[in-house]
Structures are given as structure tokens and as C-alpha cells.
Amino acid sequence: QFDQAVGVVGTGLPYIELRGFTDDIPRRAELVDELPGGRLRLRYLVQAGDQALTGIQVVPQLQLPAGVAIVDIAGNEATDLTFSFPNGLPRVVVNA
């Protein structure tokens, strides 16, 4: 969550990286919605064969593809894209 209203500009979707899958390939939870109050909603849809038997780890930094920015109403770009997520999702186990 940002401290003021923001929007995403450019072509591409911001994402966070999810780790802990048994094949060691990170997954992406991508932007699906911009919410009031500076919040962004991201989603990863579990695919057949996904396994994260000890829980999912969240990399606590929003990633922006080239040409994408997060800006406030004045057009200022967000520069700190880190967030606090200290324990990942240890109780979210995937076995699809």
C-alpha cells in the first residue's frame, strides 16, 4: 500500500515474485486491480502441477517491467517499491 492514491502507467503489469515451489521456478503474482487508497491487488492462479509443500515465500519488492511506472496524481514516480512481508506464506501450501 502506498501512502497516497497511485496509478500504473505504461504497458505491462507490475508483479511480485513468489518462491518456494518444488521446481525452483519463481511464479509471478501480477496486478489485477488498482484500489482506492494507494492499494494494488495482485493475483497468482495456481497451475496444474504447482507444488509448494513447505509454503510460499514472497519477495518483498514490487517489480516493474521496462516502461512501466507507478505514479501519484501529480505524476511523481514511486521509487521505493519494497514492502513488509516478514514470514512469507508458510501456511499456504500448494499441491496442484
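Keep in mind that what you see is a predicted model, and the values were worked out from it rather than measured.

Here is what the cut-offs are and how they apply
- Residues numbered from 1 in each chain as written.
- Predicted model: local features only at pLDDT ≥ 70, side-chain atom pairs only at ≥ 80, totals over all residues.
- Heavy atoms only, no water.
- Phe/Tyr/Trp six-rings, centres within 6.5 Å; stacked < 30°, edge-to-face > 60°.
- Helix = DSSP H or I, 4+ residues; strand = E, 2+ residues; numbered from the N terminus.
- Buried < 20%, exposed > 50% of the residue type's maximum accessible area, 1.4 Å probe, protein only.
- Lys NZ or Arg CZ within 6 Å of the ring centre and 35° of its normal.
- Pairing = 2+ DSSP bridges.
- Polar contact = N/O pair within 3.5 Å; in protein donor to acceptor, adjacent residues only side chain to side chain.
- Contact = heavy atoms within 4.5 Å.

Colleague: Go over the packing of aromatic side chains, please, and point to the residues and values.
Modeller: Counted according to the given criterion, the structure contains 1 aromatic pair. Ring geometry for Phe-21 and Tyr-44: centres 6.2 Å apart, planes at 65°, overall edge-to-face. With Phe-21 in the loop between strand 2 (15–19) and strand 3 (27–35) and Tyr-44 in the loop between strand 4 (39–43) and strand 5 (51–52), the pair connects residues that are 23 residues apart, well separated along the chain. Overall, Phe-21 belongs to the buried group, its relative accessible area being 3%. One residue, Arg-27, lies across the ring of Phe-21, its end atom 4.2 Å from the ring centre. The aromatic ring of Tyr-15 is capped on one face by Arg-28, whose charged end is 3.8 Å from the ring centroid.

Colleague: Summarise the sheet that holds strand 3; cite the residues concerned and give the values.
Modeller: The strand order across the open sheet built from 4 strands is 4-3-2-6, with neighbouring strands paired in antiparallel fashion. Edge strands, defined here as strands with exactly one partner in the open sheet, are strand 4 and strand 6 (57–58). Relative to strand 3, strand 2 runs antiparallel, the two sharing 4 bridges. Within strand 3, the position partnered with Leu-18 by the bridge is Arg-27.

Colleague: With reference to specific residues and values, describe the side chain of Arg-27.
Modeller: Here Arg-27 lies in strand 3. In this structure Arg-27 comes out as buried when scored by relative accessible area, which is 10%. Polar contacts involving the side chain of Arg-27 include one to the side chain of Tyr-44, which spans 3.4 Å. Only 2.7 Å separates the side chain of Arg-27 from the side chain of Asp-50, close enough to count as a polar contact. If near-sequence neighbours (up to four positions away) are discounted, Arg-27 is found in contact with Ile-16, Glu-17, Leu-18, Phe-21, Tyr-44 and Asp-50.

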